Amino acid sequence: MHVPDGFFDAPTSIATGLIAAGAVGFSLRRANREIRETGPALAGLTAAFVFAVQMVNFPVGAGTSGHLLGGALAAALVGPWTAVLVMSTVLLVQGLLFADGGLTALGTNITLMAVITVIVGYFVTRALLTALPKRVGTVVPAATIGAFVSVPVAALAFTGLYMIGGAVEIPIGKLATAMVGWHLLVGLGEAVITAAVLSAVVATRPDLVYAARHLKADLVLVDADGNTSTVAADKPIGARPAGRSYGIAVAATLLIAGVVSLFASAHPDGLEFVGAKLGFESAAKDSAVAGSPLADYGVTGIGNEQVSGALAGIIGVLVTIVVGLAIAKVAALRSSARTEQPDLIKS
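If you're wondering where the values come from, they're calculated on a predicted model, not measured in any experiment. (Residues numbered from 1 in each chain as written. Predicted model: local features only at pLDDT ≥ 70, side-chain atom pairs only at ≥ 80, totals over all residues. Heavy atoms only, no water.)

Caption draft 1: Main features of the overall build of the protein chain. The helix and strand tally for the protein chain stands at 11 helices and 4 strands. When each of the 347 residues of the protein chain is scored for burial, the buried share is 50%. For the protein chain, restricting intrachain contacts to residue pairs at least 6 apart in sequence, the fraction spanning at least 24 positions comes to 78%. (Helix = DSSP H or I, 4+ residues; strand = E, 2+ residues; numbered from the N terminus. Buried < 20%, exposed > 50% of the residue type's maximum accessible area, 1.4 Å probe, protein only. Contact = heavy atoms within 4.5 Å.)

Caption draft 2: A look at the pairing of strand S1 (residues 58-61). Both S1 and strand S2 (residues 64-66) contribute to a ladder of 3 bridges, which runs antiparallel. Residue pairing across strands places Phe 58 opposite Gly 66, the latter belonging to S2. Between S1 and S2, which pair antiparallel in sequence order, lie 2 residues; one of them, Ala 62, sits at a positive phi of approximately 55°. (Pairing = 2+ DSSP bridges.)

Caption draft 3: Up close: the environment of Gly 275. Relative to the helices and strands, Gly 275 resides in helix H10 (residues 270-278). Assessed through its relative accessible area of 1%, Gly 275 is described here as buried. Here Gly 275 is in contact with Phe 280 and Glu 281, once residues within four sequence places are set aside.

Caption draft 4: Structural detail: unusual backbone geometry. If you check the backbone angles, Ala 99 has positive phi at about 55° while not being a glycine. Mapped onto the secondary structure, Ala 99 falls in the loop between helix H5 (80-97) and helix H6 (106-131).

Caption draft 5: Geometry of the packing of helix H4 (residues 71-78) against H5. Orientation of H4 relative to H5, taken along the N-to-C sense of each, is 130°, at an axis distance of 7 Å. When the axis of H4 is compared with that of H5, the two are oblique. Along this stretch, H4 crosses H5, giving a crossing that reads as right-handed. Across the interface between the two elements, Gly 71, Ala 74, Ala 75 and Val 78 of H4 pack against Pro 80, Thr 82, Ala 83, Val 86 and Met 87 of H5. In terms of residue class, the contact of H4 with H5 is made up of 7 nonpolar, 2 polar and no charged. (Axes fitted to C-alpha atoms, helices over the stretch in contact; angles between N-to-C directions. Parallel < 35°, antiparallel > 145°, perpendicular 65-115°, else oblique. Left-handed = near helix turned anticlockwise from the far one by under 90°. Nonpolar A, V, L, I, M, F, W, Y, C, P; charged D, E, K, R; others polar.)

Caption draft 6: Molecular detail of the packing of aromatic side chains. Scanning the entire structure with this criterion turns up 12 aromatic pairs. Centre to centre, the rings of Phe 7 and Phe 280 are 5.1 Å apart; their planes meet at 75°, and the pair counts as edge-to-face. Residue Phe 7 is found in the segment before helix H1 (10-30), and its partner Phe 280 is found in the loop between H10 and helix H11 (305-346); the two are separated by 273 residues along the sequence. Like Phe 280, Phe 7 is buried. When the centroid spacing of 6.2 Å and the interplanar angle of 50° are considered together, the rings of Phe 51 and Tyr 297 count as tilted. Residue Phe 51 is located in helix H3 (residues 40-54), and its partner Tyr 297 is located in the loop between H10 and H11; the two are separated by 246 residues in the primary sequence. Exposure remark for Phe 51: the relative accessible area of 0% places this residue in the buried category. Here a set of aromatic residues connected by ring pairs shows up, and it is made of Phe 7, Phe 8, Phe 158, Tyr 162 and Phe 280. (Phe/Tyr/Trp six-rings, centres within 6.5 Å; stacked < 30°, edge-to-face > 60°.)

Caption draft 7: Focus on the environment of Val 50. Summarising the element assignment, Val 50 is placed in helix H3. In this structure the C-alpha to C-alpha distance between Val 50 and Leu 68, which are 18 residues apart in sequence, comes to 7.6 Å. When sequence neighbours within four positions are dropped, the list of residues in contact with Val 50 reads Leu 69, Gly 70, Met 87 and Val 90.

Caption draft 8: Fine view of the side chain of Thr 125. Relative to the elements of secondary structure, Thr 125 occurs in helix H6. The contact partners of Thr 125, leaving out residues within four places of it in the chain, are Ala 142, Ala 143 and Gly 146.

Caption draft 9: Broad picture of the pattern of salt bridges. The tally for this structure, following the rule as stated, stands at 3 salt bridges. Salt-bridge contacts for Glu 37 lead to Arg 33; the nearest nitrogen and oxygen are separated by 3.6 Å. Here Arg 33 and Glu 37 lie together in helix H2 (residues 32-38), a separation of 4 residues that amounts to about one turn. On the basis of relative accessibility, which here comes to 14%, the residue Glu 37 falls in the buried class. The partner of Arg 205 in a salt bridge is Asp 207, with the nearest N and O atoms 2.7 Å apart. (Salt bridge = Lys/Arg side-chain N within 4 Å of Asp/Glu carboxyl O.)

Caption draft 10: Quick look at the nonpolar core. In terms of nonpolar packing, the biggest core is built from 91 residues, with Val 3, Phe 7, Val 139, Phe 158, Leu 175, Leu 198 and Phe 280 touching the most fellow members. With 11 residues, H6 is the largest single contributor of residues to this core. Those residues in contact with Val 139 that sit more than four places away from it in its chain are Leu 129, Leu 198, Val 209, Ala 211, Ala 212 and Leu 215. (Core = buried A, V, L, I, M, F, W, Y, C linked by side-chain atoms within 4.5 Å.)

Caption draft 11: Local environment of the side chain of Ser 308. Considering the arrangement of structural elements, one finds Ser 308 in helix H11. There is a polar contact of 2.5 Å between the side chain of Ser 308 and the backbone nitrogen of Val 299. Setting aside its immediate chain neighbours within four residues, Ser 308 contacts Tyr 297, Gly 298, Val 299 and Ile 302. (Polar contact = N/O pair within 3.5 Å; in protein donor to acceptor, adjacent residues only side chain to side chain.)

Caption draft 12: Up close: the packing of helix H8 (residues 172-204) against H10. Between H8 and H10, the shortest axis-to-axis distance is 10 Å and the interhelical angle comes to 150°. The angle between the axes of H8 and H10 places the two elements in the roughly antiparallel class. As H8 packs across H10, the resulting crossing turns out to be right-handed. Side by side, H8 and H10 meet where Lys 174, Leu 175, Ala 178, Met 179, Trp 182 and His 183 of the first sit next to Gly 270, Leu 271, Phe 273, Val 274 and Leu 278 of the second.

Written out as C-alpha cells, the structure reads:
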C-alpha cells in the first residue's frame, strides 16, 4: 500500500497532504491522555515494531505478497490518536531514509495507512468491545476483526482517490475489484499478525494494551516483601516496571528487522501487482531520495546482500524508536502546556 510518486496528480496529492497534516496536528493535540497512560516509550517501541514487521512481506498467492499495515494494532496498543502519530512516524522514516513510498505521495500514504486504517480499525474494535463481554481477552478478537476490515477499506479509499486524480485512465470498477479483492487476502495476514501480537502482550502485560486497560478486573499487586495493593481497572498501572518488557520488545523487534526480514517474500505487494495488471504501474516515479544510502532497505557500500539488509533494518528500527519517542514527548509537552495555560492566566 506504499503509494509511489506519480500515481496521483498534483491537486490530489496536495489535498491528501493537507488531510494528513490536519490529522497529525489534531492527533498531537489529543494524544496527551493516551501517552500519560501508556508512556512515550511504548509509542516509540510500537512505531519501531510496525516498521520492522512491515519489512516482512508474506505471500498471498498468484505471485503477490502483502505486509502488515499496523493501524489497528497500534490503536489497540497505544490508543487512536497516538497511533496516528506512530504510523506517521513509520511512513516518514520509510519515505525519507529508505525511499519506500514517494515524498510527494507522503500525504497520501499517511492518509491511507496512518489515518484510515487507525480510524477504521479502532472504531470497529471499540464497537465490538461494547457488544462483547467486558474482559481483557475480548480485545484480541475485537482488534483482529478491526485489523481485517481496515485493510480492504484502505484499498477502497485508494480506489476513490484514484478515481479523482489517477495519473492513468483505467476502468474504476476493475480497479476497485482488484484492489479490494487482493487486500481482503492481505487483510487475513493483517488479522493473524494482530491477533498473535496482542495475544502475547495481553497474556503477559495487559496493562500495556490501551484497549484492554479499562476492561480488566482490579489487579492485585504483590511486592517483594509480600505486601499487596489493588489497582482499580479504570486507573493506569504504574506500579509494575516495564523496563524488562520493553527490553524484550526491543530485542524481538531487532530480530524481526535484522533476521526475519531477510526471508520476506520477493513477490510484488498487492498495489504493485494490481498496477502491473491494469497498466498504471508505469506512472510511478522514483522518489527524490532514491539515491539514499539506505534506499530499498540496503546499506550502500556493503556487498553482502544479507548483511546489508540486516544492517538497514536495524538502523531503521533504532531511528524509528528515537523519532517516535521524540514525537510522543512533543505531543505530551504540547498538551501539558495547553493544560497549564489557564493556571498561568489566573495567576
